[in-house]
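Structural features, examined
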Amino acid sequence: MYNFSSTFELASINDKARLGLLSDLHFGNSSLVKAELQRDLERMDQAECEIAINGDVFDLVLPGDKRFDLAGLDRTLIQKGVKPIDAAIELAYETLKPYAHRIKFIGIGNHESHVNKHHHIDVTKILLYRLNQLPNVEIGYGGWCGYWHVRLKRHNTIVSWVQYRHHGAGGAAPVTKGMIDFNRMLVWQGDIDGLWIGHKHNKFVDLATKMNYNRQHRKVSTDQVTCIMTGSYLSTYGTDEGADPSYAMGWNLSPQQMGGVIVELRHDAEQQKYQRTLKVGCRVIL
Ligand SMILES: [Fe+2]
């Protein structure tokens with residue numbers, strides 16, 4: 001588990017901190033809609049987000065793998081005349097380079113784990129090594145999962161927001177889209193404000209609620225947990241320019257939602273009788 005913490009300085013109650021959540025980029029897959037990924041990176045850059053990537057940065061289904069399909073390999077990986085792993089790392093590096101100073105961490109998914117297991121190479125660490133040579137860049141290795149402790153500081157007041165993330169696991173869940181995964185995690189997760197998974201290539205947000213009894217003040221509160229699933233950048237039916245249909249076409253799946261989200265956090269003041277409480281307010285921009 002790899003945990004991170006970030007502190008944002010807010011100038012006023014109207015000021016906001018923004019997190020850019022991405023997953024499932026799948027560099028090296030011929031279904032990757034590069035323009036869509038570029039659009040997401042650009043909007044996160046313009047919103048001055050701290051960006052995190054939750055695994056499957058690489059596709060890397062390689063020759064020798066029973067899932068390998070030459071048609072599924074990005075043509076640029078072959079045209080470069082180098083080995084596909086090197087070419088995919090180069091593609092990821094060049095795409096992420098202009099935004100590297102905004103990236104907090106990059107995690108792994110089942111695709112990187114598969115390459116690590118069968119080819120004994122950690123492609124994420126190589127990408128990080130290269131990106132971290134750039135000026136003002138210090139990207140952490142995120143592994144499979146961990147907590148992100150986000151602190152919002154305004155003058156002398158600090159309120160925090162904690163998100164747990166995992167790349168995600170299991171099958172495609174074409175009907176439930178992965179809602180069951182959130183419900184499973186909510187059973188064993190403790191005091192959190194957010195959950196984030198990728199993997200299933202669906203994109204949605206759901207608000208779960210947890211009821212808490214405060215032993216010290218003998219009061220009950222209902223707290224929200226913002227459950228976020230980020231999508232991939234793969235074109236399901238190849239209807240996006242320059243992209244081939246993905247594996248999901250053969251599975252008769254509905255076209256899947258694309259891309260990441262921006263989480264906007266703010267200080268939220270509440271006046272109850274004579275007591276003023278401060279919480280973190282959260283808004284998700286799809
Ligand atoms: Fe994926």
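Residues numbered from 1 in each chain as written. Predicted model: local features only at pLDDT ≥ 70, side-chain atom pairs only at ≥ 80, totals over all residues.

**Topic: the overall build of the protein chain**
When you go through the protein chain residue by residue, the secondary structure sums to 7 helices and 12 strands. With the C-alpha coordinates aligned to their principal axes, the bounding extent of the protein chain is approximately 70 × 45 × 35 Å. Across the 286 residues in the protein chain, those meeting the buried criterion constitute 40%. For the protein chain, contacts bridging at least 24 residues in sequence account for 74% of all contacts bridging at least 6. (Helix = DSSP H or I, 4+ residues; strand = E, 2+ residues; numbered from the N terminus. Buried ≥ 20, exposed ≤ 12 C-beta atoms within 10 Å, placed from the backbone. Contact = placed C-beta atoms within 7 Å.)

**Focus on the sheet that holds strand β10 (residues 219-229)**
Across the sheet, which stays open at both edges, the 6 strands sit in the order β1-β6-β7-β8-β10-β9 with mixed pairing between neighbours. Either end of the sheet is taken by a strand with one partner, and the two such strands are β1 (4-9) and β9 (204-214). Shown here is a sheet whose adjacent strand axes are inclined to one another by a mean of 20 degrees, direction ignored. With 11 bridges joining them, β9 and β10 adopt antiparallel strand pairing. Bridging from a neighbouring strand, M211 pairs with T222 of β10. (Pairing = 2+ DSSP bridges. Axes fitted to C-alpha atoms, helices over the stretch in contact; angles between N-to-C directions.)

**Describing the pairing of β9**
With 0 of 11 residues buried, β9 lies mostly on the surface of the structure. In sequence, β9 turns back onto β10 through a hairpin of 4 residues, with R218 there showing a positive phi of about 50 degrees.

**Let's talk about the packing of helix α3 (residues 84-96) against helix α5 (residues 123-131)**
Here α3 crosses α5 at 45 degrees, and the two axes come no closer than 10 Å. In this view, α3 runs oblique relative to α5, as classed from their interaxial angle. Of the two elements, α3 crosses α5, and the hand of that crossing is right-handed. Note on element contacts: α5 touches α3 through V123, I126, L127, R130 and L131, opposite I85, I89, A92, Y93 and L96. Of the residues that constitute the contact of α3 with α5, the class distribution is 9 nonpolar, no polar and 1 charged. (Parallel < 35°, antiparallel > 145°, perpendicular 65-115°, else oblique. Left-handed = near helix turned anticlockwise from the far one by under 90°. Nonpolar A, V, L, I, M, F, W, Y, C, P; charged D, E, K, R; others polar.)

**A short note on the pairing of β1**
With 0 of 6 residues buried, β1 is to be regarded as a mostly surface element. Where β1 and strand β6 (residues 145-154) come together, 6 bridges link them in parallel fashion. Within the sheet, the bridge partner assigned to F8 lies in β6 and is L152.

**A word on the environment of D59**
With respect to the helices and strands, D59 occurs in the loop between β3 (50-54) and α2 (75-79). Remark: the alpha-carbon pair of D59 and P98, spanning 39 residues in sequence, is separated by 21 Å. When residues no more than four places from it in sequence are discounted, the contact partners of D59 are H26, F27, G28, N29 and H111.

**With respect to unusual backbone geometry**
Despite not being glycine, H201 shows a phi value in the positive range, around 65 degrees. Mapped onto the secondary structure, H201 falls in the loop between β8 (194-197) and β9.

**Quick look at the environment of L253**
Looking at the secondary structure, you find L253 in the loop between α7 (247-250) and β11 (261-272). Exposure remark for L253: the 16 C-beta atoms within 10 Å place this residue in the partly exposed category. With 80 residues separating them in the primary sequence, L253 and A173 have C-alpha atoms 9.7 Å apart. In contact with L253, other than residues within four places in its own chain, are A172, P174, T236 and A248.

**What to know about helix α1 (residues 34-46)**
For an α-helix the count is 3.6 residues per turn, leaving residues at separations of three or four pointing the same way. With 13 residues, α1 should cover 18 Å at 1.5 Å per step; its first-to-last C-alpha distance of 18 Å lies within 8% of that length. For α1, the full list of buried residues reads L37, D40, L41 and M44. Around the axis of α1, the buried residues are gathered within 95 degrees of arc, so they sit on the same side. When the buried face of α1 is taken as reference, the exposed residues oriented beyond 90 degrees from it are E42 and Q46. Phi turns positive one or two residues past the end of α1, at E48, with a value near 55 degrees. (Expected span 1.5 Å × (residues − 1). Arc of directions from axis to C-beta.)

**As for the nonpolar core**
Residues A88 and A92 are the most contacted members of the largest nonpolar core, which totals 60 residues. If one sorts the elements of this core by residue count, α3 sits on top with 6 residues. With sequence-adjacent residues up to four places away left out, A92 is seen in contact with F27, V57, F58 and L127. (Core = buried A, V, L, I, M, F, W, Y, C linked by C-beta atoms within 7 Å.)

**Focus on α5**
Here α5 has its buried residues at V123, T124, L127, L128 and L131. Looking down the long axis of α5, one finds its buried residues gathered within 135 degrees of arc, a one-sided arrangement. For α5, the elements touching its buried residues are α3, β4 (103-107), α4 (110-119) and β5 (140-143).

**Describing the environment of N14**
The topology assignment puts N14 in the loop between β1 and β2 (17-22). The class of N14 is exposed, set by 8 C-beta atoms lying within 10 Å. Sequence separation between N14 and R266 is 252 residues; the distance between their C-alpha atoms is 7.4 Å.

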